[in-house]
Amino acid sequence: MEKFVLTTELDDIRLDKYLSEQLPNFSRSYLQNLIKDGFAKVDKKRIVKTNYKLRVGEIVELEVPEPQTLDVKAENIPLDIIYEDEDVLIVNKPKDMVVHPAAGHDSGTLVHAALHHCQENLSGINGVLRPGIVHRIDKKTTGSLIICKNDMAHHCLANQLKEHRITRIYHAIVYGNIKRDTLTIHKPIGRHPVDRKKMSIHTKSGRDAVTHLEVLERFGNYTYVACRLETGRTHQIRVHLSAIGHPILGDAVYGRGKAPFQLNGQTLHAKVVGFVHPRTLEYVEFDTELPAYFIELLQKLRYNINNN
C-alpha cells in the first residue's frame, strides 16, 4: 500500500481535482474511485465525496492499494496492429468493439484481445478492468488507440494526455455545409441533466473542452472534416459538432434521427495519434487508414456532387 501525504495550498478546490493536479501519474477517474472507496482522508477524517472542497492548510492523505490480480481472461481475438514495441501497442479498433469490460460487455473487448496478444503483460494503473488503457474511443468509432504494456509507459503517456500533449486527430462526415475552413469549438461538457447516459454542453458545471476543426471537403449537404482534440472529454467531438448544428452523420445519440446511406453508427474515425515515446523520448506519430465503409461513403458523396 503506497501512501501520499499532502498539505493543501489552495482554498475551495475539489478533492479529486487537487489530487489529480498533485499526483499526475494517476488518472482523475482512478483517483475518484479511490476517494469513493474510502482511501482518502482530510485532517484524519475519511472523505468519500469527490467534490469535497478543501481549505488552505488541510492535510490530505491518500492510500493507493497494490494492483489487484487481473480478473479479465485473455481471448484470442485478432487485432489490427499499427505499431508495437516493448512498451506500447497501437491498434486500429474496429467498429462495434468495446474498449474495456463494462456492464453488458464482459467478453470480446479490446482489452480481452490485447491481453491474449501481449500474453497478459499490460500496465495495471487503471485497475483490473482497464489494463493498459490510457484513452478510449466509443464502440461505434473506429481507429487508433494506444495500449501500454507496462506501468512506466502508462505513467508517461497518462501525463502527456493530462497535459494535452498527445496528438489526436479524428475524421468525420457531418450534416450541413460548414462555411468556415477552420474553427475552434470551445464549449464545456458535462453529464446531461436528464439523460445520464448522454453528455451535453454545460456552461456552469461542465469541464473545459476544446476541439479544433478543419474542413477537408464539402459535398453540399454534408462536410468532411478533421477534428483535433485539445482536451478529451467523453463524447467530445460528437457533442461539440452537434452543438454547432453539424452533428456527425450516423450518430444515433446526438444526430438527426435515422441516418441516410444505411450507416451503422457515426462516421467518426480516430485517424492520427502522436506522442513522445516513453523510452526513446522522441515524438512518434501514426496515421490509420479510413475504414472501407468510410471510403465508400466519401466516393459516393463525391460522385453525387460531381454528377448533380
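All values derive from a computational prediction rather than experimental measurement. Residue numbers restart at each chain and count upward from 1, following the sequence in its written direction. For this predicted model, a pLDDT threshold of at least 70 governs which residues receive local features, and a threshold of 80 or more governs which side-chain atom pairs are given and counted, while totals over whole chains, interfaces and linings are taken from all residues. As a rule here, side-chain values come from all non-hydrogen atoms in the structure, and water together with hydrogens is ignored.

### Focus: the pattern of salt bridges
Any two side chains of opposite charge can pair, so long as their charged atoms come close to each other. What counts is decided by this rule: Any carboxyl oxygen of Asp or Glu that lies within 4 Å of a side-chain nitrogen of Lys or Arg is treated as forming a salt bridge with it. Elements are defined by DSSP. Helices are runs of H or I of four residues or more, strands are runs of E of two residues or more, and each kind is numbered from the N terminus. Throughout this description, buried means an accessible area under 20% of the type-specific maximum (1.4 Å probe, protein chains only), exposed means over 50%, and partly exposed covers the range between.
Counted by the stated rule, this structure contains 15 salt bridges. With its nearest N and O atoms 2.4 Å apart, the salt bridge here joins Glu217 to Arg302. Here Glu217 is found in strand E14 (residues 210-218), whereas its partner Arg302 is found in helix H6 (residues 292-306), with 85 residues between them in sequence. According to the relative accessible area criterion, Arg302 is partly exposed, its value standing at 32%. The partner of Arg238 in a salt bridge is Asp251, with the nearest N and O atoms 2.9 Å apart. Separated by 13 residues along the polypeptide, Arg238 in helix H5 (residues 236-243) and Asp251 in the loop between H5 and strand E16 (268-276) bring together distant segments of the chain. Residue Asp251 is classed as buried on the basis of its relative accessible area, which comes to 2%.

### Looking at the sheet that holds strand E6 (residues 59-64)
By way of backbone hydrogen bonds, the strands of a sheet pair with one another, either parallel or antiparallel. Worth spelling out the cut-off: Whether two strands pair depends on DSSP finding at least two bridges between them. What counts as an axis is a line fitted to C-alpha atoms, over the stretch in contact for a helix, and the angles between N-to-C directions run from 0 to 180 degrees.
Pairing is antiparallel across the open sheet formed by four strands, whose spatial order is E1-E6-E3-E4. On the outer flanks of this sheet lie strand E1 (2-7) and strand E4 (45-47), each paired with one strand and no other. Strand-to-strand twist across the sheet, computed as the mean angle between neighbouring axes with direction ignored, equals 25°. With six bridges joining them, E1 and E6 adopt antiparallel strand pairing. Within E6, the position partnered with Lys3 by the bridge is Glu63.

### Digging into the side chain of His212
How we decide: Within 3.5 Å is the distance limit for a polar contact, defined as a pair of N or O atoms, with the added protein rule that one can donate a hydrogen and the other accept it, and that residues adjacent in sequence qualify only through two side-chain atoms. The criterion used for residue contact is that any of the two residues' heavy atoms lie within 4.5 Å.
With respect to the helices, strands and loops of the structure, His212 is situated in strand E14. Within the local environment of His212, its side chain forms a polar contact with the side chain of Thr184, the two groups lying 2.9 Å apart. At 2.7 Å, the side chain of His212 forms a polar contact with the side chain of Glu230. Non-local contacts of His212, meaning those with residues more than four positions away in its chain, are made with Leu183, Thr184, Ala226, Cys227, Arg228 and Glu230.

### What about the pairing of strand E17 (residues 283-287)?
Direction of pairing for E16 relative to E17: antiparallel, over a ladder of five bridges. In the sheet register, Val272 faces E17, and the bridge partner there is Asp287. Counted between consecutive antiparallel strands, the loop separating E16 from E17 contains six residues, among which Leu281 sits at a positive phi close to 60°.

### Regarding the nonpolar core
Quick reminder of the rule: For our purposes a nonpolar core is just a set of buried Ala, Val, Leu, Ile, Met, Phe, Trp, Tyr and Cys residues, chained together by side-chain atoms within 4.5 Å.
Counting residues in each nonpolar core, the largest one holds 31 residues, and the members touching the most others are Ile147, Leu213, Val225, Ile237 and Leu241. Sort the elements by how many residues they give to this core and helix H3 (residues 110-117) lands first, with four residues. Beyond its immediate sequence surroundings of up to four residues, Ile237 is in contact with Tyr170, Thr211, Cys227, Leu229, Ile248 and Leu268. Formed by 19 residues, the second largest nonpolar core is a distinct cluster that contains Leu15, Tyr18, Leu19 and Leu23.

### Here we look at the packing of helix H1 (residues 15-22) against helix H2 (residues 28-36)
Selection criterion: When an angle is under 35 degrees it counts as roughly parallel; over 145 it counts as roughly antiparallel; between 65 and 115 it counts as roughly perpendicular; any other value is oblique. Each crossing gets its hand from how the near helix is turned against the far one by less than a right angle, where anticlockwise is left-handed and clockwise is right-handed. Each residue is assigned to one class: nonpolar for Ala, Val, Leu, Ile, Met, Phe, Trp, Tyr, Cys and Pro, charged for Asp, Glu, Lys and Arg, and polar for all the others, Gly among them.
Two numbers describe how H1 lies on H2: the axes approach to 9 Å, and their chain directions differ by 130°. By the angle between their axes, H1 is oblique relative to H2. Crossing handedness for the pair H1 and H2: right-handed. Across the interface between the two elements, Leu15, Asp16, Lys17, Leu19 and Ser20 of H1 pack against Arg28, Leu31, Gln32 and Ile35 of H2. Split into classes, the residues belonging to the contact of H1 with H2 amount to four nonpolar, two polar and three charged.

### A word on the environment of Val134
Of note, Val134 is situated in the loop between H3 and strand E9 (142-148). Its relative accessible area of 13% is what places Val134 among the buried residues. Placed 73 residues apart in sequence, Val134 and Glu61 show a C-alpha to C-alpha distance of 25 Å. Apart from the residues lying within four places of it in its own chain, the contact partners of Val134 are Ile146, Cys148, His154, Leu157, Ala158 and Leu161.

### Considering the environment of Ser205
Here Ser205 is to be found in the loop between strand E13 (199-201) and E14. Separated by 174 residues in sequence, Ser205 and Leu31 have C-alpha atoms that sit 19 Å apart.

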